[in-house]
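Observations on the three-dimensional arrangement
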Amino acid sequence: MIGRRRRAVYQGEGRILVPFSGALDPTALRAALRIARAEEATLVPAYLLVVPLQYDEDSPRTDHVAVALPLLEAVELEAARRGVPVDARIEKGRSLTHALRRLWEVEAFDRIVASSSSFTAKELAWLLTNAPAETIVLRPASAVAASL
Amino acid sequence: MRGHYRILLGMAPGVGKTYRMLQEGRAAHAEGRDVVVGYLEPHDRSETAALAEELERVPHLRAAYGGLELDEMDVDAVLRRAPELALIDELAHTNLPEARNEKRWQDIEEILAAGSDVVSTVNIQHLESLNDAIFELTEVRVRETFPDSVLEHADEVVLVDLTPEALQARIRAGKVYPRDRIEAALLNFFRADRLSGLRELALREVAEDVESRRLSVVLDPLSAQAVAERVLALVTPEPRSQRILRRAWRSAQRLGAPLDALWVRRPGHEPDEEELIQLAALRRLATILGAHFLEDEGDLVSSVKRVVAERGSTYVLVGTPDESRRREILRGSLVSALVRELPGVDIRVVANRAERAVGT
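Residues numbered from 1 in each chain as written. Chains lettered and ligands numbered in written order. Predicted model: local features only at pLDDT ≥ 70, side-chain atom pairs only at ≥ 80, totals over all residues.

Looking only at helices and strands, chain B features 15 helices and 13 strands. Within chain B, the fraction of its 360 residues that count as buried is 33%. Across chain B, contacts joining residues at least 24 apart in sequence account for 71% of those joining residues at least 6 apart. (Helix = DSSP H or I, 4+ residues; strand = E, 2+ residues; numbered from the N terminus. Buried ≥ 20, exposed ≤ 12 C-beta atoms within 10 Å, placed from the backbone. Contact = placed C-beta atoms within 7 Å.)

Residues and elements named next belong to chain B. Strands sit in the order E11-E10-E9-E12-E13 across an open sheet of five strands; the sheet is parallel. The open sheet has two free edges, formed respectively by strand E11 (292-297) and strand E13 (346-350), since each of these has just one partner strand. Across the sheet, the axes of successive neighbouring strands diverge by a mean angle of 25 degrees, strand direction being ignored. Bridge analysis of strand E10 (residues 259-265) against E11 gives six bridges, and the strand direction is parallel. Considered in E11, the bridge of Arg-265 is made with Glu-297. This element, helix H11 (residues 273-289), spans E10 and E11 of the sheet and lies at about 165 degrees to E10. Strands in contact with helix H12 (residues 300-311) are strand E9 (231-234), E10, E11 and strand E12 (315-319); relative to E10, the strand with the most contacts, it is inclined by about 150 degrees. (Pairing = 2+ DSSP bridges. Axes fitted to C-alpha atoms, helices over the stretch in contact; angles between N-to-C directions.)

All names here are of chain B. One open sheet accounts for six strands, arranged E3-E2-E6-E7-E1-E8; its pairing is parallel. The two strands at the open ends of the sheet, each matched to only one other strand, are strand E3 (56-57) and strand E8 (156-160). In terms of strand pairing, strand E1 (residues 5-10) meets strand E7 (residues 117-123) through six bridges, oriented parallel. Along E7, the bridge assignment pairs Ile-7 with Ser-120. Of the strands in this sheet, E1, strand E2 (35-39), strand E6 (85-88), E7 and E8 touch helix H1 (residues 17-30), which is tilted by about 165 degrees from E7. Against the sheet, helix H4 (residues 104-113) makes contact with E1, E2, E6 and E7, and its axis sits at roughly 160 degrees relative to E7, the strand it touches most.

Printed below as a string of C-alpha cells:
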C-alpha cells in the first residue's frame with residue numbers, strides 16, 4: 001500500500017489570521033491554507049467568543065469552548081495535511097469586533113482571511129476599515145450560503 | 001425523609017421566641033405550606049395568642065397530675081395529622097410520667113422522623129452542659145434540661161435576641177408576667193447582670209454552633225478533594241502548548257476536575273518577544289477555559305513535583321518531548337523523570353494528532 005507523501009511543515013514566518021465564530025466556512029479555510037502554504041506563513045485560526053454583558057468578562061464560557069475546541073483541532077488536522085504550521089487562538093470580547101481588536105492589539109498578522117458567513121455586513125465593514133493587515137473577505141461556500 | 005429542624009434559642013423567657021415561632025408559622029402558611037401548632041405553651045400573652053389564631057392547632061391532651069389539670073402535646077395526634085410543618089413550643093419540657101417519652105424533645109424526634117418539619121423554642125438555661133454555669137449565674141438549679149446533641153443535630157439554631165434592658169422593659173409593661181409577679185421577677189432571675197450573663201451564654205452558644213457548621217462545610221470539600229481529580233498541564237511559550245492546554249481542558253471536563261497550567265522558566269531565562277506573545281496567548285486561553293495559570297522558575301521536574309504536591313494534582317499532561325535521542329541518553333527522558341518523581345500521579349503525553357494524520 002502506498003502511503004500519502006508527508007509534506008514537510010516549514011517554520012512559518014508570516015501569520016495569517018482566520019477569525020470565525022460558531023462555524024468555520026471551508027472556503028475561507030481552504031483559501032487561507034493556500035495562501036499560508038504559498039507564503040510559508042503560519043495559520044492562526046481564531047475562534048471569537050462573545051461574552052454577553054450580563055456575565056463577568058472573565059467568566060468561563062464552557063458551552064462555547066466545547067464548540068471551539070473540536071473546530072480548532074479539525075483546522076489543525078487539515079493544516080497538518082497540507083504542511084502548514086498552526087498557532088490556534090480563542091479570543092473573547094463583548095462582541096466579535098471587540099474580540100478581534102483585542103487579538104490584533106497583542107499580536108501582529110500579515111493577512112486576515114474572513115468569511116462573510118461569520119460576520120454581519122456591519123462587522124465586515126468595520127473589519128475592512130480597522131484591520132491592521134491586508135484583509136480578504138470571502139463569500140461562503142455554496143452549501144453554507146444556501147443554509148444562510 | 002427526616003424533617004427539617006429549626007430551633008429558636010433565647011436567653012430567658014419573654015424574649016419573643018414563641019412569638020417568632022408563630023410569625024414563622026404564619027409566613028409558611030401564607031406561602032401555602034401545611035402548618036399546624038403542635039403545642040403552644042399557655043403563657044396568657046395576648047399578642048402571642050392573637051398570632052396563633054390563624055393557625056390550625058392540634059388539640060392538647062388534658063391530663064390530671066398532682067391534683068392539677070395539665071396540658072400536654074398529643075404526639076400521636078400530631079403524627080396522625082402529619083403536617084408539613086409543626087410548631088412546638090418549649091422543647092426542654094418534661095412530660096408527665098405516663099407519657100411515651102420522658103421529654104418533649106424526644107417527641108419532636110418522632111415527629112421529625114415521620115417527615116414533618118419542626119420549629120421549636122428553648123431557653124439557654126435548659127442546656128445540659130451549661131447547668132452548672134447557669135446555677136452560678138442565677139443561683140437557680142434548672143431541673144428541666146436537654147442534651148447538647150439536640151442543638152448539634154438541629155438543622156438550624158437561631159438566636160432570638162433582646163437586650164437585658166429591653167427585656168426588663170417588656171416585663172415592667174406586663175407583657176411577660178402578670179402584674180403580681182413583675183417585681184419578684186426583676187429582683188431575681190431577670191436582674192440586669194444575670195440577663196447579661198445569660199445573653200452572653202446564648203450568643204456564645206449560637207456563635208459556636210455557627211462556627212462548627214462553617215467548619216464542617218469547609219472540611220467537607222477538603223475531604224472531597226482528597227479523592228477528587230485535579231489536572232495540571234505543563235506548557236511552554238510555543239504554539240503547541242495551546243493544543244496541550246485545550247486537550248487538558250477536555251480531560252478536566254470529563255473528570256469534573258479543576259485545571260492548572262504551569263510554565264516553568266529555566267533559571268535566568270528571559271522570554272523573547274515571540275515567547276511573550278505566546279505566554280500572553282496562553283494566559284488568555286487559560287482565562288477563557290477557567291484554568292489557573294501558574295509560573296515558576298527552576299528545574300522543571302522539581303517545580304512540577306512541588307506544584308503537584310501543593311495543588312493536589314492527580315493528572316499531569318505534557319506535550320511530546322522534542323528532546324533528541326542523544327540528550328535523552330545523556331540527561332534522561334522528561335517523561336521518565338516525571339513518572340519516577342510523581343508516584344500516584346497519572347502522566348499523559350499529549351501527542352499532535354495532526355502528525356498521526358499526515359504520517360499515515
